[in-house]
Structures are given as structure tokens and as C-alpha cells.
Amino acid sequence: MSEKVADKSNNNVVKDGQLGAANATAEASAPDEFELLIERGEARPIGIENIEKGLTALWQAAGKSRPGESDQLAVTRACVFNLVISVDGDQALAEVTETIAQLTWSYPCRAIVLVLKPEETQEEVNAFISAHCQLPSGGKKVCCEQITVVASGSDVDGMWSVVLPLLVPDLPVILWWPGDPVLHGTLFEHLLATADRLIVDSRAFINPVFTFSRLAELSSSRYSEVAVSDLCWSRLNSWRNLIAQFFDQPQYLPYLNQVDRVEVHYEAPDDNRHPNFSEALLLIGWLARQLGWQPAFSLQRKGNNATLILNRQGVPLTVVLHGHNDRVDELGGITQVNLIASHPEANPDEPKLASFTVAVSDDYEHAMTFVEEDESPLASRNFLFPRLDRTELLREDLAMVGRDRVFEASLELAGQLNARVKS
Amino acid sequence: MTMTAPSPVATSLVENPLRQGLRQEHTPEPSVMVIFGATGDLTHRKLIPALYNLTLERRLPDNFQVVGFARRPYTDETFQAEAMNSINQFSRRKPVQPAIWEHFGKAIHYVQSDFTNIDGYNKLKDLLDQLDRENGTKGNRLFYLSTNPNDYPVIVENLKQAGLAQPQDPGSTSWNRVIIEKPFGHDLPSALELNGIIGNVFRENQVYRIDHYLGKETVQNILVFRFANSIFEPLWNRSYVDHIQMIVSEELGVEGRGPYYDTSGTIRDMVQNHMMQLLSLICMEPPTTFDANSVRDEKTKVLRAISPLTPDEVVERTVRGQYGPGMIFGKEVPGYREEERVPPDSITDTYMAMKLYVDNWRWAGVPIYLRTGKRLPKRTTEVALQFKPAPHTLFHQPGEAAMEPNVLVMQIQPNEGISLKFGAKVPGATMQIRPVTMDFRFGQSFGVAAADAYERLILDAMLGDSTLFARRDEVEQAWAIITSVLDGWKLHMPPKFPNYESGSWGPQEGDDLIERDGRHWRRL
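All of these numbers come straight from a predicted model, not from anything done at the bench. (Residues numbered from 1 in each chain as written. Chains lettered and ligands numbered in written order. Predicted model: local features only at pLDDT ≥ 70, side-chain atom pairs only at ≥ 80, totals over all residues. Heavy atoms only, no water.)

**Quick word on the packing of helix α1 (residues 41-56) of chain B against helix α12 (residues 453-463) of chain B**
Residues and elements named next belong to chain B. Condition: Think of each axis as a best-fit line through the C-alpha atoms, taken over the contacting stretch in the case of a helix, with angles from 0 to 180 degrees between the N-to-C directions. Helix and strand definitions here come from DSSP, where helices need a minimum of 4 consecutive H or I residues and strands a minimum of 2 consecutive E residues; each element is numbered from the N-terminal end. Convention used here: angles under 35 degrees read as roughly parallel, angles over 145 as roughly antiparallel, angles from 65 to 115 as roughly perpendicular, and any remaining angle as oblique. The crossing is said to be left-handed when, going from far helix to near helix, the turn is anticlockwise and less than a right angle, and right-handed when the turn is clockwise. The contact definition used throughout considers only heavy atoms, calling two residues in contact when any of these lie within 4.5 Å.
Running from N to C, α1 and α12 cross one another at 65 degrees; their axes reach a closest spacing of 9 Å. It follows from the interaxial angle that α1 and α12 lie roughly perpendicular. The hand of the α1/α12 crossing is right-handed. For the pair formed by α1 and α12, the contact residues are L42, K46, L47, A50, L51, N53 and L54 on the first element and Y454, E455, I458, L459 and M462 on the second.

Right under this line is the structure:
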């Protein structure tokens with residue numbers, strides 16, 4: 001790529017490692033930069049080769065006491081990992097920038113955002129630096145930094161070479177690919193090779209059947225040294241807890257080995273698009289992994305509904321996915337799960353059936369669990385069931401240090417089930 | 001991927017296989033919590049909000065029930081209204097959410113009785129039997145004693161009398177447990193007596209002596225900090241540590257608790273429990289496992305290694321104080337003797353400083369200075385390990401102050417965190433060394449609001465995990481130390497009280513205690 005690196009060295013930019021107007025001293029102009037970068041969080045253009053120098057100058061300026069301010073307002077620069085993000089346009093950039101700013105509360109990091117615009121004809125690379133600061137009550141201002149690299153033209157795949165020298169040494173590298181990820185190609189493979197973790201959100205996959213299979217493949221194949229995570233798994237944390245809670249009670253535990261049928265209700269599109277089963281399949285993959293179920297026969301799909309047959313130690317077990325269209329902003333999201341099981345010690349002629357249900361309320365803020373035995377209600381409970389936004393999902397995901405073996409095994413099984421969707 | 005799936009559940013029905021990999025603990029079995037002193041301040045401010053928050057987050061089992069037991073002539077409805085009021089005022093998840101309250105409110109019941117009246121306990125038994133039948137709580141009961149400590153013996157005796165509590169082996173199919181609020185006695189003989197009475201009704205594994213300090217994340221983090229990081233433990237001993245300072249200061253006065261406080265003083269209110277717990281966590285040896293008894297064994301060993309003080313040592317190593325009028329945050333505040341319902345000639349201590357030694361291999365000769373008081377300039381709880389100076393002062397310039405020592409500070413409240421002070425070169429041609437601090441703040445690094453200590457501890461008690469509760473021998477050992485001080489104080493006239501001004505860091509004698517050893521209290 002014939003790289004045209006923009007160093008917009010006009011007024012109030014970083015030039016030669018110094019912050020400030022081109023014809024002013026850094027000392028004199030530092031407060032302005034402080035205000036622009038630290039307090040207003042504005043992004044400043046900078047030449048790619050000057051990014052590290054520019055950041056150093058930025059933090060030096062930020063660390064200086066300002067007239068009339070106490071030491072409490074001093075800035076602490078913090079970084080717990082490198083967060084490399086690839087997005088495909090300005091709208092996505094604005095969204096991830098907001099997420100990074102919120103993430104600073106819990107995970108101050110160096111964020112490197114690649115904005116790739118291969119459809120544009122002009123080949124150009126522009127870079128910007130910005131800071132995200134939070135002021136905990138009674139503490140110092142905690143700031144982290146964002147480097148944004150906007151690349152356009154046909155050769156954006158080479159942008160991995162911009163990222164590598166910008167990584168903070170000795171810290172983990174998290175590769176977050178929001179939206180519909182491209183899980184192949186030169187750029188992806190180079191970035192993945194440096195990463196400790198790949199984060200995607202399978203709910204956002206445009207071609208979920210294909211991309212979800214690819215994700216399962218990545219998790220279990222040659223990239224196995226990279227921990228793969230899916231924000232859908234974070235969404236499933238509450239569901240998994242709630243389902244597990246039923247069987248914390250010793251009287252219900254025997255049913256767990258006798259599940260005959262699982263029904264999962266999920267939000268499906270009302271048009272002709274292929275429904276996104278990823279989240280539902282991940283939940284089934286988890287149950288199957290934990291309870292020793294194996295995929296058996298092909299999936300039968302009719303519109304947004306589908307039926308899968310699994311093998312529970314030689315006994316067929318039916319999984320039904322019911323698609324309905326209540327919330328277009330929650331496509332792919334689970335709204336209800338029912339487990340129906342027979343008691344192992346009941347008389348075979350008079351089987352004792354129990355059903356365990358978790359259902360989201362209409363307001364999507366609460367949920368209810370209920371247990372029925374032979375159609376008699378035994379217990380029910382309302383509780384808070386907040387939907388997590390993207391920042392909260394990321395926080396949940398990042399709370400897991402290292403690999404999540406349960407997720408990986410669930411994803412593998414979900415991938416096998418997904419393969420049957422394809423066939 | 002080559003992973004082995006877990007065995008089918010038929011092979012083991014003991015563990016719930018769906019729990020694997022989940023960060024949340026399993027849900028306790030259905031149970032009833034009976035709160036004695038249900039109309040009191042602790043129930044109002046802490047217990048009911050904690051139970052509501054746990055319900056909101058679905059940490060409690062279905063059909064969990066609460067029974068309040070107190071003297072006031074309430075009904076179920078008035079107690080429920082009071083509970084709703086508590087949540088709306090004090091829950092971190094306020095206000096009450098109607099959908100949650102629909103279940104939670106119905107699960108709240110009330111029994112009106114005097115604590116001495118056996119009929120009240122029989123009424124309670126009838127109610128509990130009924131709740132067991134209706135809700136499948138199967139006789140699982142958690143009794144929470146949130147009353148005046150003088151009522152503990154009669155409550156426990158009556159529970160036994162009414163057949164509501166009996167010693168249980170760990171393997172019993174149902175459980176009954178008792179949570180006891182501090183103070184556990186007012187000296188060693190009374191603690192022994194109380195433990196004896198409780199021990200006649202409950203086995204030790206049924207008794208949960210609560211000290212809410214232990215439910216705080218930072219206190220638990222002391223163990224993680226020490227035993228999950230390899231770089232600190234090699235320095236954590238007499239070879240490197242010069243001395244330890246612990247401070248628990250409050251800017252508040254007695255806040256209407258005059259009658260209680262005047263019989264207890266800061267030594268019983270703060271030192272015997274919170275500070276002794278902190279001290280044992282700081283000084284303990286690594287436990288073999290993180291189970292309840294391994295941790296508490298090690299904590300108790302620390303307390304055993306602190307010899308009770310002789311009367312002479314009490315004079316040399318302790319200072320007591322009482323606040324007079326003064327200024328806090330720019331406002332005039334009254335002295336202790338002018339506080340509501342406090343005798344005008346009270347000789348109760350509101351400040352205490354003390355020097356202790358842990359006589360074991362690790363800590364021999366390392367002084368541990370404790371300082372606590374009310375109406376000090378600000379609220380803070382910190383433990384600081386001050387390290388010995390570098391063996392050779394290579395960088396010391398004539399005429400300059402000596403280099404400051406390295407200090408590791410564990411801040412418990414209000415800003416929970418850990419900081420390390422060390423020397424660094426000031427940039428320039430000359431070799432100037434200045435102390436700098438490396439800070440870690442929980443709020444900054446994790447950004448997660450910690451659950452209230454009561455929520456954590458109540459849930460632990462329901463789950464049968466007593467790691468964060470004080471064991472009988474631990475309490476008695478702490479009392480042995482404190483009682484030796486109390487006995488020593490009895491032999492001497494108290495200082496002329498009040499002896500420190502509100503808003504100051506305590507009496508001059510408190511400073512003298514440490515300065516006699518050539519050391520200083522840290523600037524806070």
C-alpha cells in the first residue's frame with residue numbers, strides 16, 4: 001500500500017512529540033491540550049510514527065498540576081491490557097469509542113481501534129489519539145488512551161503492521177471484533193497471532209450459520225492457544241445460573257438425568273432472513289456438555305421454529321426452538337427456557353413429570369422461575385433480570401481470566417448442532 | 001477439542017453438574033430466618049435490606065421465609081410495612097420493586113413476644129412448623145440474634161426449651177444455625193459463660209459469630225494479597241518489617257448509642273473484635289486450605305501468641321482517651337460527657353492506643369501499634385507494614401532528612417486499596433530521593449460495587465460456610481488479651497478525662513507511646 005500518512009500538523013496538534021500549537025511552546029499550550037484531550041475527550045490527529053511520542057507528551061501534560069486545582073485532580077494513567085478493535089465505519093467507531101470510555105471504570109487499557117474502509121478508492125491512513133478519563137469518588141482521575149487508525153483503500157489488510165508496534169509490552173492483547181466479524185484473511189490471522197483472546201458477539205452475525213461454525217472451528221483448532229469468547233455467553237450467564245439454581249435443591253436434582261424435552265423461545269426476524277440460533281444453540285450446547293447429551297439426528301427447521309433430536313444415554317431427547325417476534329432489537333435473544341423431565345424413581349406406568357421454566361417478563365427487566373410437578377405449581381419467584389448492554393457484557397467477559405473451558409466445550413457442541421442446521 | 005464431558009448425573013447425584021464454571025455460588029436450601037430483635041436498628045438498616053437485595057438477585061432459595069420476633073405489638077402487616085420502609089431507605093437497590101415485593105413481602109411474618117416468655121417460643125414453633133409444611137423449608141432454620149447481648153442466654157435457652165434448636169451433627173438432613181452479633185461477652189469470664197450456654201444448645205459448627213468487618217471485600221483481600229502473590233510473603237516477617245500500625249478512626253461520636261457505648265468503650269466496641277480480626281489476618285501463617293477451620297486455626301494461633309499484658313505492661317503499652325468538645329469538618333461538636341444519655345462523669349474510653357507483640361518465629365520483636373478512636377479527624381481503617389530501612393544509606397546527603405522507609409498500606413475503608421511507598425530519584429543532576437506511592441484502588445481497577453458485608457455473611461451462614469465468622473476459641477483468646485488490659489486499667493486511676501479534643505488525632509500520650517520507640521504514627 002502506498003501509505004499516505006496524515007500528520008495534520010496544524011494548530012493544536014501533536015508535532016515532534018510535543019503537544020501544542022505549531023508555533024507555541026509545549027509548556028504554554030499544555031493546559032489547552034489538557035482540557036481538550038483529558039476533560040473533553042477529543043481525538044487529536046497525529047502521524048502514525050509519532051503516536052508513542054504524542055501519548056508520552058499527552059500524559060506529561062496531564063500529570064502537571066493546573067493552577068487552582070488540588071492534587072486530587074491529578075491524573076493516573078492506567079493500563080491492564082491492550083484492546084485491539086476492528087470496525088467497519090464511522091458509526092461503529094462512535095459506538096466502540098463510547099464503550100471504551102465506559103470500560104475505563106473497570107478495565108483501563110490501551111485501545112487500538114482500526115477503522116477499515118476498503119470500499120473507498122483513495123488509499124489513506126489517518127491516526128488519532130484520545131484519552132478516556134473517569135473520576136472515582138474521592139480518588140484521582142484514572143485515564144486510559146485510545147489510538148484510532150482509519151484506513152481506506154484496497155489494501156487495509158496490511159493494517160496489522162500498524163498495530164503490532166503500538167502494543168504495550170507484557171500486557172495481554174484482547175482482539176475484539178464487534179459486529180459481523182471477518183474470521184479469516186491476512187489481517188485477521190495476523191491480529192489473532194498476537195492476541196491472547198478473541199471476543200465476538202454471535203448475536204450480530206449476518207450469516208450466523210456460517211460464522212458461528214467458523215467460530216467453533218477457531219476455538220477448537222490450530223488457534224487453540226487463543227481464548228475465544230462470545231458475548232452471547234455473557235448473556236447466557238444469568239440463564240445458566242437460573243437453570244442451575246433449580247437443581248441446587250436436592251429434591252430436584254434427580255430430574256436432571258431424566259430430561260426428555262427442552263424448549264427454548266427466542267426472538268426471530270419476521271422477514272425472510274435466516275433466524276440466528278447462535279445463543280439458543282450455545283445454551284443447548286452447554287446443557288448437552290454438562291449433562292452428557294450427544295447430537296443425534298438432523299435438525300428439522302420450519303421458518304423460525306426448529307426441532308433437534310439429541311441422544312441422552314441412548315434415549316432420544318427433543319429440543320425445540322420456538323422463534324417469535326416481539327423485540328426487533330433483541331433478535332437471537334432467549335426469552336424462555338423449559339426443561340421437562342420425568343422422575344427416575346416414579347412408576348413407569350405413571351410417570352411423574354416436572355417442568356422447570358425461566359421466562360423473561362414483558363418489560364425485559366424482570367424474569368420469573370417456576371417449577372411444576374405433574375402440572376401442579378410447586379414454586380415460583382420473580383426477580384430482577386437486567387439486560388446487559390455491550391459494556392456490561394464485555395466486563396462480564398473480561399472478568400474471566402484465562403480460558404473458559406466450559407464455554408469452549410459448549411461452543412464445540414453448539415457448532416456440531418449448528419452444522420446440522422446447515423445440512 | 002478433546003475435552004472429557006462430565007459423567008452423567010446418574011453416577012453422582014450429590015453435585016449439581018450445571019454449577020461447573022459458574023462464578024455464582026449454589027443457592028442455599030429452602031429455609032426460614034428468624035430475627036430476634038426484629039424491630040431494632042440493625043434489622044431495619046442492614047438485615048431486611050440485605051435479604052431483599054439477595055432476593056432481587058435471586059441468591060435466596062424459592063420459598064425462603066423471614067420471621068421477626070420482638071416485643072413490640074406488631075402484626076405481620078405492620079412488620080411487612082416496616083420492612084418495605086427499611087428497603088426504601090437503606091437498600092443499595094432501593095426503591096422496592098413491586099414485582100419482587102409481591103413474593104418477598106408475603107414471606108415476612110412476625111411473632112410478638114418477650115424474649116423471656118416461653119409461650120412466645122411455642123408460638124414461634126407453631127409458625128415454623130406451618131411454614132415448613134407450606135413452603136418445604138424442611139426444618140432448616142437460621143436464628144439471628146440481633147438483640148441486646150444480655151438477652152442472648154435466655155433466647156438460646158428458650159429455643160432449646162421449645163424444641164426449636166438442638167445440637168446437630170454436620171450430616172443432619174435439616175439444619176438449624178444461629179448468628180450472634182457482637183459483643184460476644186464483655187470480658188473473658190462472660191465470654192466463656194456465654195459460649196458455655198450457647199454450647200449447651202448448639203454445636204460449634206452451628207454457631208456463626210458475625211463481625212461484619214470480615215464480610216468486607218478488602219478484609220478478605222488481605223488473604224488473597226498475602227497468599228496469592230509470591231512477592232510479598234518473603235518480606236512478611238521480622239527480618240524485613242520494622243513495625244506494624246493499625247488504625248480504625250471515626251469522625252463520628254456515639255450517635256445516640258450512649259447507654260450501650262458507655263458500658264463498652266472503644267476497647268470492647270472496636271479492639272476486641274474488628275482490630276483483633278484484622279491483626280490475626282495480617283499476622284497469620286498460610287493455612288493449609290481455605291476451608292473454615294484451617295483459616296480459623298491459623299488466626300487463633302496468632303492470638304494465642306499474644307501474651308496477656310501484666311498490669312505494668314498495661315501502663316507502659318496502652319493509652320486510653322476520651323474526647324472533649326471540638327470541631328469536626330468545621331462544625332462544633334460536643335464532648336463525650338455531653339452526649340445524649342452519657343453520664344457527665346463517665347470514665348469510658350473513646351480512644352485507645354496499644355502496643356502488642358506476637359511472640360512467634362515470624363513476628364518476634366516486631367511491635368504492632370493499634371490506634372482507634374471516635375471523633376478523630378476522619379474515618380479511616382488501615383493497616384500499614386513499615387519496612388526496615390535499607391542496610392546501607394548509600395544516597396543520604398549530609399543536611400538532608402533521612403530517607404523515608406518503605407511502607408505497605410492496606411486500606412480497608414473508606415477507599416479500599418493497597419499502596420506501596422518507595423524512594424525514587426528526582427530527575428536532575430543531583431542524587432535527590434523522594435518518596436513516591438504506588439496505588440491500587442479497588443474502585444479504579446475493578447469498578448464493581450461490592451455487595452454489602454451482611455449480604456455476603458448471611459448467605460455464607462445459609463450455605464454453612466463459617467470461614468468469615470469468629471470461632472469460639474478465637475473470641476476467647478481475643479478476650480484474654482483485652483481482659484488483661486481491662487484488669488490493668490482497674491488497678492489505676494483513669495487519666496483526667498476528657499484528654500483529647502474532638503477533631504484531633506487523640507491525646508498526646510498516644511503519640512508518646514510510639515515516639516518513645518523512635519517511631520511515629522503515619523500521617524493520615
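So, next bit.
**A closer look at the sheet that holds strand β6 (residues 207-210) of chain B**
All names here are of chain B. Convention followed: Should DSSP find at least two bridges between two strands, the strands are regarded as paired.
Spatially, six strands are ordered β3-β2-β1-β4-β5-β6 in an open sheet, and the strand pairing comes out parallel. The outermost strands of the open sheet, each flanked by one partner alone, are β3 (108-112) and β6. Strand after strand, the sheet turns through a mean of 20 degrees between neighbouring axes, direction not considered. Strand direction decides the pairing type here: strand β1 (residues 32-36) and strand β4 (residues 141-145), joined by five bridges, are parallel. Bridge pairing in β4 links V32 to R141. In this fold helix α3 (residues 98-106) packs onto β2 (65-70) and β3, with an angle of close to 30 degrees to the strand it touches most, β3.

**Re the pattern of salt bridges**
All names here are of chain B. The line we're drawing: The salt bridge definition used is simple: a Lys or Arg side-chain nitrogen within 4 Å of an Asp or Glu carboxyl oxygen. Buried residues are those whose accessible area, probed at 1.4 Å on protein chains only, stays under 20% of the maximum for their type, while exposed residues exceed 50% and partly exposed ones sit between those limits.
Using the criterion set out here, one finds 43 salt bridges over all chains in the structure. Here K299 ties to E474 by a salt bridge, and the two come within 2.8 Å at their closest N and O atoms. Placement of K299 in helix α9 (residues 292-304) and of E474 in helix α13 (residues 472-490) is noted, with a sequence separation of 175 residues between them. With respect to burial, K299 and E474 carry one shared label: buried. In this structure, a network of salt bridges that share partners links the residues E57, R92, R93 and E455.

**A closer look at the environment of A228 of chain B**
Structurally, A228 of chain B can be placed in the loop between α7 (217-227) and β7 (241-249). The sequence separation of A228 of chain B and S346 of chain B amounts to 118 residues, and the corresponding C-alpha distance is 47 Å.

**Points about the side chain of T372 of chain B**
By the element assignment, T372 of chain B lies in strand β12 (residues 367-373). Those residues within four positions of T372 of chain B in sequence are excluded, and the remaining contacts are V248, T266, M270, V271, M275, T350, Y351 and M352 of chain B.

**Things to note about the confidence of the model for chain A**
Note the cut-off: Per-residue confidence from the predictor is given as pLDDT, running between 0 and 100.
Summing up the model confidence of chain A, the mean pLDDT is 80 and the portion of residues at 70 or higher is 83%. Note that residues 1-31 of chain A has pLDDT below 50 and, in this model, 67 contacts with residues that lie over four places away or in other chains.

**Digging into unusual backbone geometry**
For residues that are not glycine, phi is negative in most cases, and the peptide bond is trans in most cases. P183 of chain B follows K182 of chain B through a cis peptide bond whose omega is 0 degrees. Structurally, P183 of chain B can be placed in the loop between β5 (176-181) and α6 (188-201). Residue F497 of chain B is joined to P498 of chain B through a cis peptide bond whose omega torsion reads -5 degrees. Inspection of the secondary structure puts P498 of chain B in the loop between α13 and β17 (500-502). Located in the positive-phi region is D170 of chain A, a residue other than glycine, with phi close to 65 degrees. Residue position: D170 of chain A is located in the loop between α4 (160-163) and β10 (173-176). We classify D170 of chain A as exposed; its relative accessible area is 82%. One non-glycine residue, R375 of chain B, adopts positive backbone phi at about 55 degrees. Assignment of secondary structure puts R375 of chain B in the loop between β12 and β13 (380-387).

**Topic: the sheet that holds β17 of chain B**
Residues and elements named next belong to chain B. Pairing is mixed across the open sheet formed by three strands, whose spatial order is β10-β9-β17. The strands lining the two open edges of the sheet, one partner per strand, are β10 (331-333) and β17. With direction set aside, neighbouring strand axes in the sheet form an average angle of 25 degrees. Bridging between strand β9 (residues 323-328) and β17 involves three bridges; their strand directions are parallel. By the bridge assignment for β17, G324 is matched with E501.

**Brief notes about the pairing of strand β14 (residues 407-413) of chain B**
All names here are of chain B. The buried fraction of β14 is high, at seven of seven residues. In the sheet, β13 pairs with β14 via six bridges, with the strands oriented antiparallel. Within β14, the position partnered with V383 by the bridge is M410.

**Re α1 of chain B**
Residues and elements named next belong to chain B. Selection rule: The span expected for a helix works out to 1.5 Å for each residue beyond the first. Two axes are fitted around each residue, one to the seven residues ending there and one to the seven starting there, and the angle between them is reported as the bend at that residue.
The end-to-end C-alpha distance of α1, which contains 16 residues, comes to 22 Å, matching closely the 22 Å that a straight helix rising 1.5 Å per residue would cover. Residue L47 marks the point of greatest curvature in α1, where the axis turns by about 30 degrees; the proline P49 follows within four residues. The buried fraction of α1 is high, at 12 of 16 residues. Just past α1, the residue R58 takes up positive phi, approximately 55 degrees.

**What about the domain arrangement of chain A?**
All names here are of chain A. Which entries qualify depends on this criterion: Residue ranges for the domains originate in an automatic or database domain assignment. Throughout, the accessible surface (probe 1.4 Å) given up by two parts as they are put together, summed over both, is called the buried area. Pairing of N or O atoms within 3.5 Å defines a polar contact, subject to two protein rules: one partner must be a possible hydrogen donor and the other a possible acceptor, and residues neighboring in sequence count only if both atoms are side-chain atoms. Residues are grouped as follows: Ala, Val, Leu, Ile, Met, Phe, Trp, Tyr, Cys and Pro are nonpolar; Asp, Glu, Lys and Arg are charged; all remaining types, including Gly, are polar.
For chain A, the assigned domains are domain 1 (5-73), domain 2 (75-229) and domain 3 (235-419). Taking only C-alpha atoms into account, the centre of domain 2 sits 31 Å from that of domain 3. Listed as interface residues are 32 residues of domain 2 and, on the opposing side, 28 residues of domain 3. Buried surface at the junction of domain 2 and domain 3, both sides included, amounts to about 2,600 Å², of which 53% is carbon and sulfur. Broken down residue by residue, the surface that domain 2 buries against domain 3 is led by R197, R203 and F212, which jointly contribute 29%. For the pair domain 2 and domain 3, the number of links is three salt bridges. There are 10 residue pairs in polar contact (both at pLDDT 80 or more) connecting domain 2 and domain 3. For the side of domain 2 that touches domain 3, the elements supplying multiple residues, two or more each, are α3 (90-103), β10, β11 (197-200), α6 (208-220) and β12 (227-230). Top element by residues in the side of domain 2 that touches domain 3 is α6. It accounts for seven residues. Of the residues assigned to the side of domain 2 that touches domain 3, the class counts are 19 nonpolar, eight polar and five charged.

**Concerning the environment of G256 of chain B**
Within the fold, G256 of chain B resides in the loop between β7 and α8 (258-283). Between the C-alpha atom of G256 of chain B and that of G185 of chain B, which follows or precedes it by 71 residues, the distance is 22 Å.

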